[in-house]
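Report on the structure
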Number of protein chains: 2
Amino acid sequence: MKKIEHGGALDRAMSQYGGVRSDWLDLSTGINPEPFHLPDMSSDIWNSLPDEGLLTKALNGARTYYGAAPATAIVAAPGTQALIQLMPWMKPSGEVAVVGPTYQEHEFCFAKAGWAIRHCSSLREIPVSAGAVVIVNPNNPDGRSVDRADLLKLAEEMANRQGFLVVDEAFADMHPENSLAADAGKKGLIVLKSFGKFFGLAGLRLGFALTSPETGLFLRERLGPWAVSGPALAIAAHAFAGGEALDAFASRLQTRRKLLSEVLAAHGLMEIGGTALFSLVRHEQAHGLHDSLCRQRVLTRKFEHFADRLRFGVPLDRNDADKLHLRLTLALRAAQADWPK
Amino acid sequence: MKKIEHGGALDRAMSQYGGVRSDWLDLSTGINPEPFHLPDMSSDIWNSLPDEGLLTKALNGARTYYGAAPATAIVAAPGTQALIQLMPWMKPSGEVAVVGPTYQEHEFCFAKAGWAIRHCSSLREIPVSAGAVVIVNPNNPDGRSVDRADLLKLAEEMANRQGFLVVDEAFADMHPENSLAADAGKKGLIVLKSFGKFFGLAGLRLGFALTSPETGLFLRERLGPWAVSGPALAIAAHAFAGGEALDAFASRLQTRRKLLSEVLAAHGLMEIGGTALFSLVRHEQAHGLHDSLCRQRVLTRKFEHFADRLRFGVPLDRNDADKLHLRLTLALRAAQADWPK
């Protein structure tokens, strides 16, 4: 089975191109470079098994923050990945339609579990034989967004044929208009939420499934008790209740995203999509530019099957944006000398 | 399916008996009440996905600390529980022999996955039809220990009949003499290690499987990438390399255990087993004593099916041991007035 090349592999880049961590500008992920400020944590949070009170507090916070209805089940997992791993085991294997190109772990996990993968570029291409559908909304890496109404119709169709629809909303925090969170309690629908990306705390490993009570029970049983660490639950409860600090945090992310667009525009790089956390750029020699940027100690995300796309994460601040500007100038200059005329 | 009553449920005890957290002496778990001191953690540990370098460092530390051979696969999981959940999926379901009575999550997970449970009170009772065997060594709650040589023979038998043996060494840190860690690379053998109990960091969620490369691959694929949080990996790498600090830490745990035995002996309570982290006491009216201790704000662990057993975790220090002494005096006095003569 093929291996997936993930972003965030700064270690690999350093071993290939040299330099130490502090030399590099790592824009290879879709993770907010500013971590939400951590609360004070009692030593009990580390010492004891995460208790029911702590879990309930985090889940209640998630319900309010994501806007899930009271009857919707919310399941906490050690990262959305742990939930992605379980999706293929919801029903006996069959055909799964993956609307893409998109984040590869979905299809990878379904394939490992014996499902046949049907690649679809839009909802219209989903075959009626599909027992499961996966869509990332907004999509990674191109930011393509599918309307709520269309997804709700699809969820109903899937439920009617005893199948299920997985909507991965890992990048929806800043784009709530098409989120299905409010409807996630419906039969046959599973909405996945990533805590670490928007909150800049991917190291914590925390994700949520918003779903029907029946599916919630299945997922909780597969994950078992104490699936999520005490610190992750305590930090999530704190962050979800962030109030004005949360608004200011979101606003700083918007500023970051604007800085990124300005730098890209200044170099004539065309943004063809993205979300609040990354931009997808079209460039004839994207792989060459990726390599050239690595030589300048900037790590971006290239795509094996898309030789003309490059994904840029957001810079932390003006200082990092200026660094990116300078290094892009050098990288483009060096690369253009090499590229075929 | 029945629900398991776990230790550590101080919340439930408070809602039933009253008091706030600081009033209580929680001896209901087998977790070291002293957390190993945390290292300084860079904000990167929280912000980024746990990288390969960090994972490798923690796994190398685990290999040395547990004494696993170079060819043995080591898999990190968000708590031993996450590994216990996966054991029944290693092979098609059949019969599993559980040597017990023991920690109930093993049989619970196998039963949910469709396995037939055979309860055995010793290795001799394991039926040849068993496709899997689970043994906790030393056992929880009675501390019963099975010899390495016998377990190695059993592991070989299980491998010969295409089955597997799970040895849960959650409480073996202070009792390494019968550990199979050094042999865990053998086919059909899985040794489980809990990080949080001895190191007093159960909130972290970290456990390891020591096993054959083939089984290691299966477990890693089921868990998926970034299964363990960055803080957990950083803290484990730090703790495993603890050197003299680790020796002193272990020695303080021994002192704690001695304090517990002294208090129990002073009240004529008979210890019938245990490990460095807990003592199992035999008492005619164990459930009554549990209730009476709760009224004195001491939480111990009772067992539904063993009306004459009570498990005591270790007190943190002399101060907590003195508290236990006083409260045991009051609890026994109050209880004896109620018990049938």
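Residues numbered from 1 in each chain as written. Chains lettered and ligands numbered in written order. Predicted model: local features only at pLDDT ≥ 70, side-chain atom pairs only at ≥ 80, totals over all residues. Heavy atoms only, no water.

1. With respect to the overall build of chain A
- Counting its secondary structure elements, chain A contains 11 helices and 13 strands.
- For 341 residues, the compact-globule formula gives about 20 Å, and the C-alpha radius of gyration of chain A, at 20 Å, lands near that figure.
- Overall, chain A is about 60 × 50 × 35 Å in size when its C-alpha atoms are taken along their principal axes.
- Within chain A, buried positions represent 57% of all 341 residues.
- Taking the contacts inside chain A whose residues are at least 6 apart along the sequence as the reference set, 70% of them involve residues at least 24 apart.
- Working note: accessible area of chain A is about 14000 Å², and carbon and sulfur atoms make up 52% of it.
- Here chain A carries 37 positive and 37 negative side-chain charges, and the mean point of each set is 3 Å from the other. (Helix = DSSP H or I, 4+ residues; strand = E, 2+ residues; numbered from the N terminus. Rg over C-alpha atoms; globule rule 2.2 N^0.38 Å. Buried < 20%, exposed > 50% of the residue type's maximum accessible area, 1.4 Å probe, protein only. Contact = heavy atoms within 4.5 Å. Areas by Shrake-Rupley, 256 points an atom, 1.4 Å probe, with all protein chains shown as cover. Lys, Arg positive; Asp, Glu negative; His and termini not counted. Charge placed at Lys NZ, Arg CZ, Asp CG, Glu CD.)

2. Focus on the sheet that holds strand β10 (residues 278-282) of chain B
All names here are of chain B.
- Across the sheet, four strands lie side by side as β9-β10-β13-β12; this open sheet has antiparallel pairing. Of all strands in the sheet, those with a lone pairing partner are β9 (270-275) and β12 (301-303), marking the two edges. Strand-to-strand twist in this sheet, taken as the mean axis angle between neighbours without regard to direction, amounts to 25°.
- Here five bridges tie β10 to strand β13 (residues 306-313), and the two strands are oriented antiparallel to one another. Bridged to R282 within β13 is R309.
- Sheet contacts for helix α10 (residues 286-295): β12 and β13; angle to β13, the most-contacted strand, approximately 40°. (Pairing = 2+ DSSP bridges. Axes fitted to C-alpha atoms, helices over the stretch in contact; angles between N-to-C directions.)

3. Some words on the relation of the copies chain B and chain A
- Rotating chain B by 180° and moving it 0.0 Å along the rotation axis overlays it on chain A with an RMSD of 0.0 Å. Taken together, the rotation and translation relating the two chain copies correspond to the operation of a two-fold axis. When C-alpha positions in chain B are compared against the rotation axis, the closest is assigned to P78(B), at 3.6 Å.
- Counting the interface residues of chain B, we find that 100% of their copies in chain A are interface residues as well, pointing to one common contact surface. (Least-squares fit on C-alpha atoms with pLDDT ≥ 70 in both.)

4. Some thoughts on the pattern of salt bridges
- Applying the stated rule across the entire model yields 32 salt bridges over all chains.
- The closest approach of N and O atoms between E34(B) and R252(B), which form a salt bridge, is 2.8 Å. Separated by 218 residues along the polypeptide, E34(B) in the loop between β1 (25-26) and α2 (43-47) and R252(B) in helix α9 (residues 244-266) bring together distant segments of the chain.
- Taking the relative accessible area as the measure of exposure, E34(B) reaches 16% and is therefore buried.
- Exposure remark for R252(B): the relative accessible area of 36% places this residue in the partly exposed category.
- Ionic contacts of the salt-bridge type, sharing partners, join the residues D11(A), R21(A), D44(B) and D51(B) into one network. (Salt bridge = Lys/Arg side-chain N within 4 Å of Asp/Glu carboxyl O.)

5. As for the interface of chain B and chain A
- Contacts between chain B and chain A engage 45 residues on the former and 46 residues on the latter.
- Both faces considered, chain B and chain A share a buried interface measuring about 3500 Å² in area, 54% of it formed by carbon and sulfur atoms.
- Summed over the three residues of chain B that lose the most area to chain A, namely W46(B), N47(B) and W226(B), the buried surface amounts to 20% of that side.
- Where chain B packs against chain A, one counts six salt bridges.
- Notably, a salt bridge pairs R21(A) with D44(B), separated by 3.7 Å at the nearest N-O pair.
- The interface formed by chain B and chain A includes 28 residue pairs in polar contact (both at pLDDT 80 or more).
- Broken down by secondary-structure element, the contributors of at least two residues to the side of chain B that touches chain A are α1 (10-17), α2, α3 (52-66), α4 (80-86), α5 (105-112), α7 (213-223) and α8 (230-240) of chain B. (Buried area = accessible area lost by both parts, 1.4 Å probe. Polar contact = N/O pair within 3.5 Å; in protein donor to acceptor, adjacent residues only side chain to side chain.)

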